[in-house]
Amino acid sequence: MSKHQYAMVMDLNKCLGCQTCTIACKKLWTDRDGTGYMYWNNVETRPGLGYPRQWDRIGGGWKDGLLQPSPLPTMDDYGHAWEYNYEQRLYEGKKQPVMPSPEPESGVNWDEDVGSMNEDENYFFYLPRICNHCTHPACLEACPRKAIYKRDEDGIVVIDQERCQGYRYCIKACPYKKIYFNEVTGKSEKCIFCYPRLEKGQVNACAAQCPGRLRFVGILDDPESPVHKLVLVHKIALPLFPEKGTQPNVFYVPPFNPPKRDNYGKSIQEDPRVPLDYLIYLFGPEVKDVIVRLEAELKKTQEGGRSEALQLLIGRDAETRYRVRPQLVQIQL
Amino acid sequence: MRTRQFVITVSVGLVLSTVWAQTGAKPAAGQSLPVPASSASADALLNGGPGAWSQIAVKHVALNRTPPLYDTDEPAPPEIPSLDVRAARSGGKLLFQLSWHDPTRDAVTLAEVPNTPPETRFRKVPTEADDRFFDAAAVMFPEKSDINTIAPSLQMGDAEHPVEIYYWNATRGAMVMQAQGRSTTKRTGKPFPASSSYQNDRWNVIFELPDLAAGTTVAFAVWNGSQKDRDGRKYFSVWQVLE
Ligand code: SF4
Ligand code: SF4
């Protein structure tokens, strides 16, 4: 257990699927040789295949205290990078249409906006994903080189590039498939929760750039931090796939859509837009309690009251959404 | 009570004999490795192919498959039972020729990384595959080769008995490593001369080491990429004593 733990909350009701976070992360951290296919932050459409495809069914994580088997995802699962024939079209005067090559077969949000393909009424929402900086990281446990460590001062999980030998046991072990292998360097890489930025008092790049303002960052055990309030006080944010046993420190406010048919008296649970079973699949059975709590807060405001939880979720300014000043690491909690 | 004492005596005896066998303080005759001086030069041995080595007798070294390391690992049947080793001294060098049967050649040529910083280039060198592992082999010997001390642990030595590992990888080339026990291996960044060829389902790899005194113990290892070998998931020999 680390002394303190940075955490992130993402309110899925506000995600636009614009991928600004993805690009912010990509340009900052994975713009080097061998990292082309890597997205330390990705936003996938749910329901959907995800990236790498079917990652939620591949394996990894814990069961009864034991690491679970998992194959390595392949490049076909991540999607191979492709190029366009611009030269031929633009400079060589060939009248071909601009075409990608090799022919794309999968990608980082391949089934964007496809959703449930429900005949009556389609539904989908966006799920941004980063490494969860788990409290009980399967990746760390699986590394025979002890190249992965959890920083004592802030709980951020990082890979020592000097010690890593590219064995990839970590990739197999992570149930979220949030470690990537760089074949050019022969080492594995992962999200570092922007610790070099946090140490300077700047919030994570994905959070800073997000126009949806749905990311909240702070130290979980700091009672003043928004993540503490959302996760531990208001209890309206849950980790993804809690049953995988790694105790993630990225939490989600589940998509809280209005009832399907415009019936104001109705509870969302009576007429859910996103089937409850699917939310239970993603966030565990506790998601029902979270929806009850969110509905109660909504009711409060509809009746002219004030909801501290919803005010927080609106997250008007950076002061509300983040508490990352470096001295926070040293505060007495 | 008597039965119990008997059991204890027997098991202590077993432990002692195991330790004895492992330390190599008195190796069995079969575990010694002849090292004739060769009339061929070190370069000829390194590059010369079978001709340069034909005079030197082959020692068949039995390989063991490491037991499964993790419950989550796929099983790997023993496919490479032995290694053919030839050793020779020439020009102040010690050369080993390792040859083994492996029906799959697990090696690729990785794209060369240009010498310019990636941020100055539009196209970066891609990761072509993330799930392949490559064939490899290694020669390990104690860093302090005092022939009178016990041989280090076969698991990459230990704190008192650090080891040097000359590691060759079919894709990533040859590099010298050091270790002081399992999971402590580190790359020194130093290459060493090696050559390799693959023909008729066999690898033939030649290692050039600094000269090691007679009586030094050496151990060998082979990794089979198609069996997803890496780390301690490999084939290994027990210590052999150089003659
Ligand atoms: S999400 Fe995966 S990579 Fe990140 S800490 Fe957890 S187990 Fe490790
Ligand atoms: S930047 Fe924000 S709104 Fe856009 S996809 Fe990322 S998390 Fe969603």
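Treat the numbers as computed from the prediction; the structure is a model and nothing was measured. (Residues numbered from 1 in each chain as written. Chains lettered and ligands numbered in written order. Predicted model: local features only at pLDDT ≥ 70, side-chain atom pairs only at ≥ 80, totals over all residues. Heavy atoms only, no water.)

Chemist: Summarise the overall build of chain B; cite the residues concerned and give the values.
Modeler: From N to C terminus, chain B includes 3 helices and 14 strands. Expressed as a percentage of its 243 residues, the buried residues of chain B come to 45%. Taking contacts inside chain B between residues at least 6 apart in sequence as the whole, the part at least 24 apart equals 67%. Counting every atom, chain B has about 12700 Å² of accessible surface; 56% of that belongs to carbon and sulfur. (Helix = DSSP H or I, 4+ residues; strand = E, 2+ residues; numbered from the N terminus. Buried < 20%, exposed > 50% of the residue type's maximum accessible area, 1.4 Å probe, protein only. Contact = heavy atoms within 4.5 Å. Areas by Shrake-Rupley, 256 points an atom, 1.4 Å probe, with all protein chains shown as cover.)

Chemist: Could you give an account of the overall build of chain A, with specific residues and numbers?
Modeler: Along the backbone of chain A there are 13 helices and 14 strands. In terms of overall dimensions, chain A is globule-like: its C-alpha atoms have a radius of gyration of 21 Å, near the 20 Å expected for 333 residues. The C-alpha extent of chain A, read off along each of the three principal axes, is 65 × 50 × 40 Å. Split into buried and exposed, the 333 residues of chain A put 55% on the buried side. Counted over contacts in chain A with a minimum sequence separation of 6, partners at least 24 positions apart contribute 66%. As displayed, chain A has an accessible area near 15300 Å², and 51% of this comes from carbon and sulfur atoms. (Rg over C-alpha atoms; globule rule 2.2 N^0.38 Å.)

Chemist: Explain the sheet that holds strand β11 (residues 202-210) of chain B to me, using residue names and the numbers behind them.
Modeler: Residue and element names in this part refer to chain B. Strands sit in the order β2-β4-β5-β11-β10 across an open sheet of 5 strands; the sheet is antiparallel. In this open sheet, the two edge strands, each paired with only one partner strand, are β2 (59-62) and β10 (194-199). Across the sheet, the axes of successive neighbouring strands diverge by a mean angle of 25 degrees, strand direction being ignored. Alignment of strand β4 (residues 82-90) against strand β5 (residues 93-101), held across 7 bridges, turns out to be antiparallel. What sits directly across from D84, in β5, is S99. (Pairing = 2+ DSSP bridges. Axes fitted to C-alpha atoms, helices over the stretch in contact; angles between N-to-C directions.)

Chemist: How would you summarise the site of ligand 1 if you had to cite specific residues and measurements?
Modeler: The environment of ligand 1 is made up of C131(A), N132(A), H133(A), C134(A), P137(A), A138(A), C139(A), V157(A), C174(A), Y176(A), I179(A) and K190(A). Looking at the shell around ligand 1 residue by residue, the class counts come to 9 nonpolar, 2 polar and 1 charged. (Near = heavy atom within 4 Å. Nonpolar A, V, L, I, M, F, W, Y, C, P; charged D, E, K, R; others polar.)

Chemist: Which residues make up the layout of surface pockets, and what values do they have?
Modeler: Of the pockets and cavities examined, the largest pocket occupies roughly 1200 Å³. Lining the largest pocket are 36 residues, and of these K26(A), G36(A), Y39(A), A81(A) and W82(A) lie nearest its centre. Counting only elements with at least two residues in the lining of the largest pocket, the list comes to α1 (20-29), α3 (75-78) and β5 (83-84) of chain A. Sort the elements by how many residues they give to the lining of the largest pocket and α1(A) lands first, with 4 residues. For the lining of the largest pocket, a count of residues per class yields 15 nonpolar, 11 polar and 10 charged. The space that makes up the second largest pocket amounts to roughly 830 Å³. For the second largest pocket, the lining is made up of 39 residues, of which Y167(A), W223(B), D231(B), G232(B) and K234(B) are closest to its centre. Contributing elements (two or more residues each) for the lining of the second largest pocket: β6 (136-142), β7 (163-169), β8 (173-179) and β12 (217-223) of chain B. Per-element accounting of the lining of the second largest pocket gives the leading share, 4 residues, to β12(B). Of the residues contributing to the lining of the second largest pocket, the split by class is 19 nonpolar, 12 polar and 8 charged. (1 Å grid on protein atoms, 1.4 Å probe; cavity = no way out; pocket = protein on both sides within 12 Å on 5 of 7 lines; lining within 4 Å. Points joined across faces, edges and corners; volume = space filled by probe spheres on them.)

Chemist: Could you give an account of the pattern of salt bridges, with specific residues and numbers?
Modeler: Any two side chains of opposite charge can pair if their charged atoms end up close together. Counted under the stated rule, the structure contains 26 salt bridges over all chains. In this structure, R121(B) engages D33(A) in a salt bridge whose closest nitrogen and oxygen atoms are separated by 2.9 Å. Of this pair, R121(B) sits in the loop between β5 and β6 while D33(A) is found in the loop between α1 and β2 (42-46), placing the two residues in two different chains. The burial state of R121(B) is the same as that of D33(A); both residues are buried. Each of E44(A), R46(A), D56(A) and R129(A) takes part in a single network of salt bridges with overlapping partners. (Salt bridge = Lys/Arg side-chain N within 4 Å of Asp/Glu carboxyl O.)

Chemist: Any details on helix α10 (residues 276-283) of chain A? Residues and values, ideally.
Modeler: All names here are of chain A. Burial in α10 covers these residues: L276, Y278, L279, L282 and F283. The arc that holds the buried residues of α10, viewed along the axis, is 160 degrees, so those residues lie on one side. Packing partners of the buried residues in α10 comprise β2, β7 (125-129), β13 (238-239), β14 (250-253) and α11 (287-302). Two residues or fewer after α10 comes G284, characterised by a positive phi angle close to 85 degrees. (Arc of directions from axis to C-beta.)

Chemist: Break down the interface of chain A and chain B for me, with residues and values.
Modeler: Contacts between chain A and chain B engage 34 residues on the former and 32 residues on the latter. Carbon and sulfur atoms supply 42% of the area buried between chain A and chain B, which totals about 2800 Å² over both sides. Area buried by chain A at its contact with chain B is led by D33(A), Y169(A) and E183(A), which between them contribute 25% of it. Counting the contacts that link chain A with chain B gives 5 salt bridges. Here R132(B) ties to E183(A) by a salt bridge, and the two come within 2.6 Å at their closest N and O atoms. For the pair chain A and chain B, the number of links is 18 residue pairs in polar contact (both at pLDDT 80 or more). Those elements giving two or more residues to the side of chain A that touches chain B turn out to be β4 (66-67), α3, α6 (169-173) and β10 (179-182) of chain A. A breakdown of the residues in the side of chain A that touches chain B according to their chemical character gives 14 nonpolar, 9 polar and 11 charged. (Buried area = accessible area lost by both parts, 1.4 Å probe. Polar contact = N/O pair within 3.5 Å; in protein donor to acceptor, adjacent residues only side chain to side chain.)

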